[in-house]
There are 2 protein chains.
Amino acid sequence: MKHITVLGTGVLGSQIAYQTAFSGYDVVAYDIDDAALDAARERFAKLAVTYSQQVAGAAGGKADDALARIRYSADLTDAVRDADLVIEAVPEALELKRDVYTKLAAVAPEHTVFATNSSTLLPSALAEFTGRPAKFLALHFANQIWLHNTAEVMGTPQTDPAVFEQVVEFAASIDMVPIVIKKEKAGYLLNSLLVPLLNAAGDLLVDGIAEPDAVDKTWRIGTGAPMGPFQIFDVIGLTTAYNVSIAGGEKQQAFAKLLKEQYLDQGKLGVATGEGFYSYR
Amino acid sequence: MKHITVLGTGVLGSQIAYQTAFSGYDVVAYDIDDAALDAARERFAKLAVTYSQQVAGAAGGKADDALARIRYSADLTDAVRDADLVIEAVPEALELKRDVYTKLAAVAPEHTVFATNSSTLLPSALAEFTGRPAKFLALHFANQIWLHNTAEVMGTPQTDPAVFEQVVEFAASIDMVPIVIKKEKAGYLLNSLLVPLLNAAGDLLVDGIAEPDAVDKTWRIGTGAPMGPFQIFDVIGLTTAYNVSIAGGEKQQAFAKLLKEQYLDQGKLGVATGEGFYSYR
């Protein structure tokens, strides 16, 4: 796999494209129009600065060189013309993604492998629209790809094992730690582990067992983790925590209500706004 | 609180007594007979070596000085004669603990506060046997007290808030981080958080989603934690993991079965035996 196209240049899409270019690949960044591509250009420039500061070996030119390996395109046919791998990172809406795959299937070369970065949709919900279910799977990255360098690889029952293996190797080649997921699983591995921990923490608060600070101290000291669950909530953002919790069971809905009344309604959305369970000012 | 008696000199009891003596208190270590006290003496001597190596300021005499502040007694009346605080760390058996509290209540001075280190019993299961429910609560330490220095403080509805506060202050005075738990909760805070995480990891294995190594890498990279859930299982010990899981729901019982067949039956009990999910040889 030599030529990589990334569809969508939002927060994750731009990080995936940049990390791939940073690793020496020629990358095409596709988005819907020139305005989106202008925004992408700014994102990439900021990423180059971030990498220069935070990634070993990135300063002294390498971070900027990556920018020169990114080609911009708002024309899907043009964007995927030479692609060996298309990584799709468009917004998390089923209809939108199905539409993208239908169009993509019509214009991409036959050999091109498609990978979705979707966090919330299983790849089998999309496979039939790709025109190549054997060459389709999920390749899921974490935010701040340069720090949290996992690439969860998850196929559908139709994914060709050889394609799966190729994508695992590609992930390793862009300095990710490939995480092999053997069966489809909503939430992949990280969220499958994190959500139960965060729910348990939410329960402790809702039930009046302990304050966030006590819960977090216990977790940090007991496990050596750098952050307790309420610190993680603040990083994820309390709006996301609310959206996940309100869709859950009775206890989680109570937690959502608490989040809304005590935090969201007061503009406390977590680290991003300078205050959530903790103050970051 | 100046005079502290610790009942039971097993793994946790000896650590609690030693940490208390290390912090400058006069401590009485009580156990049932001279053989148990001889074993305690060895435990304390080993702890002094461990502290000298691992605890800042412990080398150069301080770790050994602590040993001189520990008095040994196999006579309950004698052991608690001057005690301001009795910390009970006898084996986790309800009948045994009730018996100990009944005897203790008869011989301890009226002002003495009792604290149980029980991991699995709620203090209200013991309160009526103490003869002083207002002066009784749980004070729960973690193994390797010098590294994992939380002291979870948890009262019953009958615990006097002033006594609760005194015990919080005592915990801080022996260099613990006091964790205030506002209502009784089985598992305190740490296990209330850890068990759901470990269950989620067990589910991923039982369901054939991913291998332990993939799960652990994801957790470490995604959260910055030093250990993933299967590494934690190995530290806790797979026998304990089995005992907890076999008492759980369907999925957990399947995990218990997997643990038994693939690990316990082959003598792989975790870090303690040199092999569990990982090899430590």
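From a predicted model like this one, the values you see are computed outputs, not experimental measurements.

Enquirer: Just to check I follow, could you spell out the overall build of chain A for this structure?
Expert: Check the secondary structure of chain A and you find eleven helices and eight strands. A compact globule built from 281 residues would reach a C-alpha radius of gyration of about 19 Å, and chain A, at 20 Å, matches this within 12%. Overall, chain A is about 60 × 45 × 35 Å in size when its C-alpha atoms are taken along their principal axes. Counting over 281 residues, chain A shows a buried share of 51%. For chain A, restricting intrachain contacts to residue pairs at least 6 apart in sequence, the fraction spanning at least 24 positions comes to 63%. In the structure as shown, chain A presents an accessible area of about 11,800 Å², 53% of it carried by carbon and sulfur atoms. On chain A, the mean spot of the 23 positive side-chain charges and the mean spot of the 34 negative ones are 2 Å from each other.

Enquirer: Sorry if this is basic, but what is going on with the pattern of salt bridges here?
Expert: Charged atoms that come close allow side chains of opposite charge to pair. Residues and elements named next belong to chain A. What the rule picks out here adds up to 25 salt bridges over all chains. Residue K103 pairs with D99 through a salt bridge whose shortest N-O separation is 3.1 Å. Remark: D99 and K103 occur in helix α5 (residues 94-107); sequence separation between them is four residues, near one turn of the helix. Looking at K103, the relative accessible area reads 48%, which means it is partly exposed.

Enquirer: What should I look at first to understand the sheet that holds strand β3 (residues 70-73) of chain B in this one?
Expert: What holds strands together in a sheet is hydrogen bonding between their backbones, with the strands either parallel or antiparallel. Residue and element names in this part refer to chain B. Taken in spatial order, the eight strands of this open sheet run β3-β2-β1-β4-β5-β6-β7-β8, and their pairing is mixed. Two strands bound the open sheet, and with one partner strand each, they are β3 and β8 (177-181). Neighbouring strand axes in the sheet, compared pairwise and without regard to direction, differ in orientation by 25° on average. The strands touched by helix α2 (residues 34-54) within the sheet are β2 (26-30) and β3, with β3 carrying the most contacts at an inclination of about 160°.

Enquirer: What is the right way to read the relation of the copies chain B and chain A from this model?
Expert: Between the two chain copies there is a screw-like relation: a rotation about an axis and a shift along it. After a rotation of 180° and a shift along the axis of 0.0 Å, chain B superposes on chain A with an RMSD of 0.0 Å. In symmetry terms, the pair is related by a two-fold rotation axis. For chain B, the minimum C-alpha distance to the rotation axis belongs to A225(B) and amounts to 2.1 Å. A shared binding surface is used by both copies, with 100% of the interface residues of chain B retained as interface residues in chain A.

Enquirer: Please clarify how the UniProt feature "site: Important for catalytic activity" (unreviewed entry) in chain A should be interpreted in this entry.
Expert: All names here are of chain A. As annotated by UniProt and renumbered to match this structure, "site: Important for catalytic activity" (unreviewed entry) occupies H140. If you trace the backbone, H140 turns up in strand β6 (residues 136-141). In this structure H140 comes out as buried when scored by relative accessible area, which is 9%. With residues up to four places along the chain from it excluded, the contact list for H140 reads N117, S118, S119, T150, A151, E152 and Y188.

Enquirer: Help me understand unusual backbone geometry in this model?
Expert: Backbone geometry follows two general trends: most residues other than glycine have a negative phi, and most peptide bonds adopt the trans configuration. All names here are of chain B. Of note, D175 is a non-glycine position whose phi angle comes to about 65°, a positive value. Within the fold, D175 resides in the loop between α6 (161-173) and β8. Positive phi outside glycine occurs at Y188, with the angle close to 50°.

Enquirer: Could you clarify how one ought to interpret the interface of chain B and chain A in this entry?
Expert: How big an interface is tends to be reported as the loss of accessible area on association of its parts. Contact residues are listed per partner, giving 41 residues for chain B and 41 residues for chain A. Here chain B packs against chain A, burying approximately 3,400 Å² in sum over the two surfaces, 75% of which is carbon and sulfur. Taken as a group, L193(B), I209(B) and I221(B) account for 20% of the area that chain B buries against chain A, more than any other trio of residues on that side. Of the charged contacts, one joins E211(A) and K182(B) as a salt bridge, the two residues approaching to 2.5 Å between their closest N and O atoms. Counting every contact that joins chain B to chain A gives eight residue pairs in polar contact (both at pLDDT 80 or more).

Definitions and cut-offs
- Residues numbered from 1 in each chain as written.
- Chains lettered and ligands numbered in written order.
- Predicted model: local features only at pLDDT ≥ 70, side-chain atom pairs only at ≥ 80, totals over all residues.
- Heavy atoms only, no water.
- Helix = DSSP H or I, 4+ residues; strand = E, 2+ residues; numbered from the N terminus.
- Rg over C-alpha atoms; globule rule 2.2 N^0.38 Å.
- Buried < 20%, exposed > 50% of the residue type's maximum accessible area, 1.4 Å probe, protein only.
- Contact = heavy atoms within 4.5 Å.
- Areas by Shrake-Rupley, 256 points an atom, 1.4 Å probe, with all protein chains shown as cover.
- Lys, Arg positive; Asp, Glu negative; His and termini not counted.
- Charge placed at Lys NZ, Arg CZ, Asp CG, Glu CD.
- Salt bridge = Lys/Arg side-chain N within 4 Å of Asp/Glu carboxyl O.
- Pairing = 2+ DSSP bridges.
- Axes fitted to C-alpha atoms, helices over the stretch in contact; angles between N-to-C directions.
- Least-squares fit on C-alpha atoms with pLDDT ≥ 70 in both.
- UniProt positions renumbered as here; feature names shortened; annotations may be inferred.
- Buried area = accessible area lost by both parts, 1.4 Å probe.
- Polar contact = N/O pair within 3.5 Å; in protein donor to acceptor, adjacent residues only side chain to side chain.

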